[in-house]
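Single-letter residue listing:
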Amino acid sequence: MHRTPTRTSDSAKAPAAPVLGITLAVLATVVWSGSFVTSRALHDSVPPVQHAFWRWVVALAVVAPFGARQAWRQRELIRRHLGFVVLASFLGVTVYNTLVNQAAVTTPAATMGMIMAASPVLMAVYERAGGVRLGARRVAGLLTACAGVLLLIGRDGAHFAAGDLWMIAAACCFGTYSALLRHKPAELGGTAFLFTTFLIGTVLLLPAQAVSLAAQGGFAPTAGTVLPLLYVGIASSAVAFFAWNRAIALVGPSRAGVVYYLQPVCVALLSWAVLGEATGWAQFGCMGLILGGVVLGARR
């Protein structure tokens, strides 16, 4: 008598998780696209390490009211998994964005977004190595979107310079971080995890911040520097990382990674609109191929 509503509720929840996961992955990807443009816009006014450091200070201040208390309640759990938490902090907070900011010194934002599109391939490789069957449709979507990215790079005649190599390192770092999230303890709260990784990652950045201040000096706190740092600290860090981590928990790194292929499309459009970087019809055609691959690979 009382089991029918339960079955109906469960069946209603089944398709909801993938839809929510894909939606959160799209949200994080679109917001992160703006951070590439911000890194490029600040490349000659804010040193890369200081950009990363103040980004995470802002993010930590935003997350602290929600995550500090939960992290304190779960301190024993965090202590038991401290190795995992420190590694996630190092890859996702300390290193990844510092590498992106360093790449932005010499590499256009659109090219940065294209190179970052390599990270979903690494996510899929990690997941497959872990014994997860990806499925023909997801692999087809991955390859289709990857082909669009390769064509996009080829049409631009991209060549590898120092900044491009920094971006390759950043893509590997982010792909590894995303695959690592699959092993986050289920009982560890999302906001507690964010607060802890932001805190540890910021502390790990302190030595590099001190060296940067001594060698390069500080930067002028104007509207042109503070407002972009607030954007990357609040939207690209606190909001986007929470959305991405939740998406990984709901749909896994390989499916979320297919959605991540939207990033070069978003970055190219934003860099054209904000920075005046050129975007042609050939690029739009390649972007359509990327979008098709995302739709195919993200379907249940």
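Quick look at the structure, then. Please read all numbers here as calculations on a predicted model, not as lab measurements. Residue positions are given per chain, counting from 1 as you read along its sequence in written order. In keeping with the predicted nature of the model, local features appear solely for residues at pLDDT of at least 70, side-chain atom pairs appear and are counted solely at 80 or more, and the whole-chain, interface and lining totals rest on all residues. To obtain the side-chain values, all non-hydrogen atoms of the structure were included, while hydrogens and water were left out.

### Observations concerning helix H10 (residues 223-251)
Counting from the N terminus, the helices are the DSSP runs of H or I reaching at least four residues and the strands are the DSSP runs of E reaching at least two. Working rule for helices: expected span equals 1.5 Å times residues minus one. With 29 residues, H10 ought to run about 42 Å at 1.5 Å a step, and its terminal C-alpha atoms sit 39 Å apart, in line with that. Gly252 sits one or two residues past H10 and shows a positive phi near 90 degrees.

### Quick word on the packing of aromatic side chains
Here is the rule: rings of Phe, Tyr and Trp (six-membered ring for Trp) pair when centre to centre is within 6.5 Å. Planes less than 30 degrees apart are stacked, more than 60 are edge-to-face, and the remainder are tilted. Using the criterion set out here, one finds 12 aromatic pairs in the structure. Look at Trp32 and Phe174: their rings are 5.3 Å apart centre to centre, the planes differ by 85 degrees, and that puts the pair in the edge-to-face class. Taken together, the positions of Trp32 in helix H1 (residues 3-41) and Phe174 in helix H8 (residues 162-180) put the pair 142 residues apart, joining distant regions of the chain. Among the aromatic residues, those joined into a cluster by ring pairs are Trp32, Trp56, Tyr96, Phe174, Tyr177, Phe198, Phe241 and Trp244.

### Considerations on the side chain of Thr94
For Thr94, the location among the structural elements is in helix H4 (residues 82-103). Classification of Thr94 as buried rests on a relative accessible area of 9%. Two residues form a contact once any of their heavy atoms are found within 4.5 Å. If we skip the residues at most four places from it in the chain, Thr94 touches Ser89, Gly201, Leu204 and Leu205. Each residue's exposure class comes from its accessible area (1.4 Å probe, protein chains only) as a fraction of the maximum for that residue type: buried when under 20%, exposed when over 50%, partly exposed otherwise.

### A closer look at the nonpolar core
By nonpolar core is meant a set of buried Ala, Val, Leu, Ile, Met, Phe, Trp, Tyr and Cys residues that side-chain atoms within 4.5 Å join together. Membership of the largest hydrophobic core comes to 64 residues, with the highest contact counts inside it found for Phe36, Tyr96, Met116, Met167, Phe174, Phe198 and Trp244. When residues in this core are grouped by element, the largest group, 10 residues, is from H4. Not counting chain neighbours up to four residues away, the residues in contact with Met116 comprise Phe36, Tyr96, Met167, Ala170, Ala171, Phe174, Tyr260 and Gln263.

### Regarding the packing of helix H5 (residues 109-116) against H8
In this description, a line fitted to the C-alpha atoms serves as the axis of each element, helices being fitted only across the stretch in contact, and the angle between N-to-C directions of two axes falls anywhere from 0 to 180 degrees. Where H5 contacts H8, the two axes come as close as 9 Å, and the packing angle between them is 40 degrees. In terms of orientation, H5 lies oblique with respect to H8. For the crossing formed where H5 meets H8, the hand is right-handed. Taken together, the residues of H8 that come into contact with H5 (itself represented by Thr111, Met112, Ile115 and Met116) are Asp164, Met167, Ile168, Ala170, Ala171 and Phe174. Broken down by class, the residue content of the contact of H5 with H8 amounts to 8 nonpolar, 1 polar and 1 charged. For classification purposes, an angle smaller than 35 degrees is called roughly parallel, one larger than 145 roughly antiparallel, one from 65 to 115 roughly perpendicular, and anything else oblique. Helix crossings fall into two classes, left-handed where the near helix is turned counterclockwise from the far one by less than a right angle and right-handed where it is turned clockwise. Put simply, Ala, Val, Leu, Ile, Met, Phe, Trp, Tyr, Cys and Pro go in the nonpolar bin, Asp, Glu, Lys and Arg in the charged bin, and everything else, Gly too, in the polar bin.

### Some points on the pattern of salt bridges
The term salt bridge refers to a side-chain nitrogen of Lys or Arg lying within 4 Å of a carboxyl oxygen of Asp or Glu. Here the structure, examined in full by the defined rule, presents 1 salt bridge. Between Glu76 and Arg79 there is a salt bridge, with its nearest N and O atoms 2.6 Å apart. You can see Glu76 and its partner Arg79 sitting in helix H3 (residues 75-80), 3 residues apart, about one turn around the helix. You can call Glu76 partly exposed: its relative accessible area is 45%.

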